[in-house]
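# Chain and residue survey
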Amino acid sequence: NAGVMQNPRHLVRRRGQEARLRCSPMKGHSHVYWYRQLPEEGLKFMVYLQKENIIDESGMPKERFSAEFPKEGPSILRIQQVVRGDSAAYFCASSPHPGGSNQPQHFGDGTRLSIL
Amino acid sequence: AQSVSQHNHHVILSEAASLELGCNYSYGGTVNLFWYVQYPGQHLQLLLKYFSGDPLVKGIKGFEAEFIKSKFSFNLRKPSVQWSDTAEYFCAVRMAAGNKLTFGGGTRVLVKP
């Protein structure tokens, strides 16, 4: 399967723990986007990364959330000291070129994060 | 900031009925428009997209959408639905020179056999 791969599919954490969500883009894609879907809501943009660079993090909460896309390996969305309100589905998408080049984004299956 | 509004949260219809899902956006500049579908337990899949040209766009699985610039709308249609069209449908907008997608709240469609 050459699609966008996210793991884990489901992640359960207790309040105060850290959550790490991984995303491997489609082969040949160097642009990664993270979105969050809260219960009963649409997807909301969080952050856009290229290899080793954060391009747009305007949707990221100011505290506890960080993202990286290293030269080697998957993109990581990290949530420190999780709270109940972080419970959501987190989707990763990738594209081969920047958004302005008329390329659609391809989505992964998402990680469903549950905070106890 | 741009926003996307999908008028119906839930739609229930019978097989062979026609489907139309509304989508309006608020942004005055040039936009790219998308409809994604999420089948139960699966990831979002692209149904169709509009970048430029013919405002009537045909997608996969018999879906089409019409971009009406004057109404800031991009409604999705299918003349005759099947049970397998049961899914959640998301409209999304991107500024033509931008990167991020802005999604509507989604419409859950249930097709009764």
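For the structure given in this document, a descriptive report is provided here. (Residues numbered from 1 in each chain as written. Chains lettered and ligands numbered in written order. Predicted model: local features only at pLDDT ≥ 70, side-chain atom pairs only at ≥ 80, totals over all residues. Heavy atoms only, no water.)

### A look at the state of the cysteines
Residue and element names in this part refer to chain A. Applying the stated criterion across every chain yields a total of two disulfides over all chains. One disulfide bridge connects C23 with C92, the sulfur atoms lying 1.8 Å from each other. The S-S bond linking C23 to C92 shows a torsion near -60°; that makes this disulfide left-handed. You can see C23 sitting in strand 3 (residues 19-24) and its partner C92 sitting in strand 9 (residues 88-95), a full 69 residues away along the chain. (Disulfide = S-S within 2.5 Å. Helix = DSSP H or I, 4+ residues; strand = E, 2+ residues; numbered from the N terminus.)

### Points about the interface of chain B and chain A
Contact with chain B, which involves 23 residues of that partner, is made by 24 residues of chain A. Summed over both sides, the interface of chain B with chain A buries roughly 1,700 Å², with 51% coming from carbon and sulfur. Here chain B is connected to chain A by zero salt bridges. Summed over the shared surface of chain B and chain A, the number is five residue pairs in polar contact (both at pLDDT 80 or more). Only strand 5 (31-38), strand 6 (44-50) and strand 10 (87-95) of chain B provide two or more residues apiece to the side of chain B that touches chain A. Here the side of chain B that touches chain A gets four residues from one element, more than from any other, and that element is strand 5 of chain B. In terms of residue class, the side of chain B that touches chain A is made up of ten nonpolar, nine polar and four charged. (Contact = heavy atoms within 4.5 Å. Buried area = accessible area lost by both parts, 1.4 Å probe. Salt bridge = Lys/Arg side-chain N within 4 Å of Asp/Glu carboxyl O. Polar contact = N/O pair within 3.5 Å; in protein donor to acceptor, adjacent residues only side chain to side chain. Nonpolar A, V, L, I, M, F, W, Y, C, P; charged D, E, K, R; others polar.)

### Structural notes on the nonpolar core
Counting 28 residues, the largest nonpolar core has W35, L48, F74, L76 and Y89 of chain B as the members making the most contacts within it. In this structure, L48 of chain B is in contact with L33, F34, W35, V57, K58, G59, F63, E64, A65, F74 and L76 of chain B, ignoring residues within four places of it in sequence. (Core = buried A, V, L, I, M, F, W, Y, C linked by side-chain atoms within 4.5 Å. Buried < 20%, exposed > 50% of the residue type's maximum accessible area, 1.4 Å probe, protein only.)

### Here's the deal with the side chain of S94 of chain A
Residue and element names in this part refer to chain A. Turning to its location among the elements, S94 is positioned in strand 9. The class for S94 is buried, based on a relative accessible area of 0%. At a separation of 3.3 Å, a polar atom in the side chain of S94 contacts the main-chain amide nitrogen of M26.

### Quick word on the pattern of salt bridges
Should their charged atoms come close, side chains of opposite charge can pair. Counting across every chain of the model gives ten salt bridges over all chains. Of the charged contacts in the structure, one is a salt bridge between E41 of chain A and K44 of chain A, with a shortest N-O distance of 3.8 Å. Residues D86 of chain A and R64 of chain A are paired through a salt bridge, measuring 2.7 Å at the closest nitrogen-oxygen approach. One end of the pair, D86 of chain A, is in the loop between strand 8 (75-79) and strand 9; the other, R64 of chain A, is in the loop between strand 6 (53-56) and strand 7 (65-68), with 22 residues separating them in the sequence. For D86 of chain A, a relative accessible area of 3% corresponds to the buried category. Ionic contacts of the salt-bridge type, sharing partners, join the residues K58, E64, E66 and R77 of chain B into one network.

### A few points about the sheet that holds strand 1 (residues 5-7) of chain A
Residue and element names in this part refer to chain A. If you walk across this open sheet you meet the four strands as 1-3-8-7, and the pairing is antiparallel. The two strands at the open ends of the sheet, each matched to only one other strand, are strand 1 and strand 7. Averaged over neighbouring strand pairs, the angle between their axes works out to 15° when direction is ignored. Inspection of the sheet shows strand 3 paired to strand 8 by five bridges, in the antiparallel sense. By the bridge assignment for strand 8, C23 is matched with S75. (Pairing = 2+ DSSP bridges. Axes fitted to C-alpha atoms, helices over the stretch in contact; angles between N-to-C directions.)

### Some remarks on the pairing of strand 2 (residues 10-14) of chain B
Residues and elements named next belong to chain B. Residue alternation in strand 2 divides its side chains into a buried set, V11 and L13, and an unburied set, H10, I12 and S14. Two strands pair when backbone bridges link them, and strand 2 and strand 12 (residues 107-112) are joined in this way by five bridges, in the parallel orientation. Each residue of the ladder has a partner; that of I12, found in strand 12, is L110.

### Structural notes on the environment of D86 of chain A
Separated by 53 residues in the primary sequence, D86 of chain A and Y33 of chain A have C-alpha atoms spaced 18 Å apart. Ignoring sequence-local partners within four residues, the contact set of D86 of chain A consists of R36, R64, F65, I79, L113 and I115 of chain A.

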